[in-house]
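A structural walkthrough
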Amino acid sequence: MFIRNYLIPRLLQYFLVIFLGITIVFFIPRMAPTNPVERTIAEIRSRGTYLDPAYVQQMVDALTEMYGLSGSWLQQYKDFWVRLSTGDFGVSFFQFPTPVMTLIKRALPWTVGLLFTTTVFSWLFGNIVGGIAGYAHNRRWSKLLDGIMMFIRPIPYYVFALGLLILFGYVYRKFPIAGGASIGRTPSFTLSYILDVLRHAFLPATSLAVLGAASWFQTSKLIVQNVNAEDFVQYAQLGGVKESRIIFRYIIRNAMLPQITNLALSLGQILSGALITEIVFSYPGLGNLLYSAISTGDYNLIMGIISLSIVAITTLVLIVDLVYPLFDPRIRYK
Amino acid sequence: MQDGDVVLRTDNLRAHYVLDIPGGQKVVRAVDGVSLQIRRNEIYGIAGESGCGKTTLMKTLYAAINRPLRLVSGSVLYAKDGQELDVYALRKRELRGLRWRYMAYVPQGAMSIFNPVMKIKETYRDFLSSHLKGKTAAEMFEIAKDHIDKLGLPISILEAYPHQLSGGMRQRVAIALAALLRPSVIFADEPTTALDVVVQRGVVQLLKDIQADLHNTIILVTHDMGIHANVTDRLAIMYAGRIIEEAPTVEIFRNPLHPYTQFLINSLPQFGDAGQRVSAPGQPPSLADLPSGCAFHPRCPKAMPICRELRPDTIVIGEHRAACWLHAERGTAQDAAYS
């Protein structure tokens, strides 16, 4: 019953969303004004190399062939799916001939390490502290905390990040201003290397965690305040039910429901990288990679990163859909 | 009336909503001088139109007032174990100890009073475990099962989530839950509102059964005079935060003294009479801005000059009490009778 009526249609929908998403990502860069072949030639010229006009056309043809851009869009599209079925996103145009997957694998640990930790930390912190503050919203400390968060929350992210960078990287020089680890160090599982990585991650992580926690705090506080006013909470209070039980089983249990969905969506977005963070702190993650891919018209690399992100988000949404009835009995598979 | 029979007594009880508004305060006089004596082993009805302060009175009696509602004057005294207990003088823990064991509450709108993510049996367990010590989960489940079964409700509801129950069933579950620990006083706020007549009958019967079994006091608030006629032993009519008339229910229906009560009763349809029913003209007054004198005078066809100036005292005529200048000469003033 469940498999035929719910799971199979839901899985079909899942694959359809991925298929459509990847298709759109295939065509959009091709409509963009940057032509990767021209960009490559311009790149070569900008290095001062003289190119004989007679050869330029030959080069254009050769590059078009190499990049897989010959033939109609439809032909390219077919070739793309054939390649993708073997797990191959092709080669990067601008770090030719490195395969796209190699570049992604290199950047992925940095981004996931940075974003997974900060997302989970700020979710936990924001929800727990925000929840308690929402329950005790008449207390002075709760109002004070709310005021602080209200001040932090609207700071534009890039201003906050740059501010941290200037203050602790330049004025006080406590933390490095760029990179994921010191230049020239080879990755290893030694304490000094890990400390080095943590030192580099500290400022970007702080910038993400502080603003993230402030935002989770505010949502969570608001949700808890609303749940607190619900009839079933008032009723349990009228009934003299123990306060700890009311807080955990009546308020937090119900306030958590929308926050679970939000957490899953935030985790799904990890794989598209933290664009501004990684640019501000020159962090070697997916966001930086995507930024350079877009600015140079590196179709294959764009495709690779965005496809990954599409798969990540749709998968997490699928998981939330499948497990949600465990949290909320009102939701049914149908 | 013998004092030993009285289970709940209030004297000139006032509870106001004090709201901070730009440039000062707004005071909503939802309960404005209520003196009551409610007896053991009776169903006491409180009637009145929407916005007259019925629910606020119930909350004040149940000692469940939260800001901006404030107790302004008076006290709420319960007779418990031969002593009078002032609920507003109790500490938080002592008050919590009274809840459900001594007094229970059936709130308005049973549609949303159960935690949507918990089965009914878990709600039962929470209420039981908060008031009974040293019982295992299995024992508490047995108590809940016996209780539900004895009241004639299907045991399967314990395994249901609230959204799987009908409105009438949820209301009955709420009433059953209130009777769980055999309390001396049960407050039921509009338990039949939003239910159709057939379901109303079931709910009313359940209340009556519980009262007949426990011989306790049920305080029933509803604007439905038909329910009052069927269920209550004594009836109070509330208008603009005050009790304007109180008597045994039969007596009120036979001989209403206050013009407002007369309107309420005359608006009920009767067999064989197809004529238009007449209701009180106009709208109930705003509790934040009450008329001078008797609050009913702007709508009263029998208003006299004195009604605009002075608020009528409650006078006592036998078992009948009324606050109306029309009857001021006929009985003794309330203070003499109630002190």
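See above for the structure.
Now for a description of the structure that goes with this document. Please read all numbers here as calculations on a predicted model, not as lab measurements.

The next subject is the overall build of chain B. Within chain B, the secondary structure is distributed over eleven helices and 14 strands. The C-alpha radius of gyration of chain B comes to 21 Å, within 12% of the 20 Å expected for a compact globule of 339 residues. Taken along its principal axes, the extent of the C-alpha atoms in chain B is 65 × 50 × 50 Å. Taking all 339 residues of chain B together, 42% fall into the buried category.

Turning our attention to the pairing of strand 6 (residues 83-86) of chain B. All names here are of chain B. Where strand 5 (residues 76-80) meets strand 6, four bridges bridge the pair, whose relative direction is antiparallel. Within strand 6, the position partnered with A79 by the bridge is E84. Turn length for the strand 5-strand 6 hairpin, with the two strands adjacent in sequence and antiparallel, is two residues, and the turn residue D81 shows positive phi of about 50°.

In terms of nonpolar packing, the biggest core is built from 106 residues, with I175, F187, A188 and I237 of chain B touching the most fellow members. Top contributing element to this core by residue count: helix 5 (residues 167-178) of chain B, with seven residues. Residue contacts for I175 of chain B: discarding those within four places in its chain leaves V106, A188, P191, V203, L206, L207 and I210 of chain B. If you look at the next biggest cluster of nonpolar residues, it comprises 48 residues, including Y67, L165, L289 and L290 of chain A.

All names here are of chain A. The geometry of helix 5 (residues 100-135) relative to helix 8 (residues 191-228) is characterised by a closest axis approach of 6 Å and an angle of 35° between their N-to-C directions. Between helix 5 and helix 8 lies a crossing of right-handed hand. A per-class count over the contact of helix 5 with helix 8 returns 16 nonpolar, 15 polar and one charged.

Quick look at the interface of chain B and chain A now. Taken residue by residue, the interface counts 19 residues in chain B and 17 residues in chain A. Ranked by residues supplied to the side of chain B that touches chain A, first place goes to helix 3 (residues 120-131) of chain B with four residues. Residues belonging to the side of chain B that touches chain A are distributed by class as follows: ten nonpolar, six polar and three charged.

We now examine the pairing of strand 11 (residues 242-248) of chain B. Residue and element names in this part refer to chain B. Among the seven residues that make up strand 11, six are buried, leaving the element largely enclosed by the rest of the structure. Taking the residues that link successive antiparallel strands as the turn, the strand 10 (residues 234-239)-strand 11 hairpin has two residues, and the phi of A240 there is positive, at about 50°. Looking at chain direction, strand 11 and strand 13 (residues 320-322) are connected through two bridges and run antiparallel. Within strand 13, the position partnered with E246 by the bridge is R321.

Residues and elements named next belong to chain B. Where helix 3 meets helix 4 (residues 137-150), the axes come as close as 10 Å, and the angle between the chain directions of the two elements is 110°. One finds that helix 3 runs roughly perpendicular with respect to helix 4. Listed contacts from helix 4 to K121, Y124, R125, L128 and S129 of helix 3 are A137, M140, F141, I143 and A144. Looking at the contact of helix 3 with helix 4 residue by residue, the classes come out as seven nonpolar, one polar and two charged.

Definitions and cut-offs
Residues numbered from 1 in each chain as written. Chains lettered and ligands numbered in written order. Predicted model: local features only at pLDDT ≥ 70, side-chain atom pairs only at ≥ 80, totals over all residues. Helix = DSSP H or I, 4+ residues; strand = E, 2+ residues; numbered from the N terminus. Rg over C-alpha atoms; globule rule 2.2 N^0.38 Å. Buried ≥ 20, exposed ≤ 12 C-beta atoms within 10 Å, placed from the backbone. Pairing = 2+ DSSP bridges. Core = buried A, V, L, I, M, F, W, Y, C linked by C-beta atoms within 7 Å. Contact = placed C-beta atoms within 7 Å. Axes fitted to C-alpha atoms, helices over the stretch in contact; angles between N-to-C directions. Left-handed = near helix turned anticlockwise from the far one by under 90°. Nonpolar A, V, L, I, M, F, W, Y, C, P; charged D, E, K, R; others polar. Parallel < 35°, antiparallel > 145°, perpendicular 65-115°, else oblique.

Read these as geometric descriptors, not functional statements.
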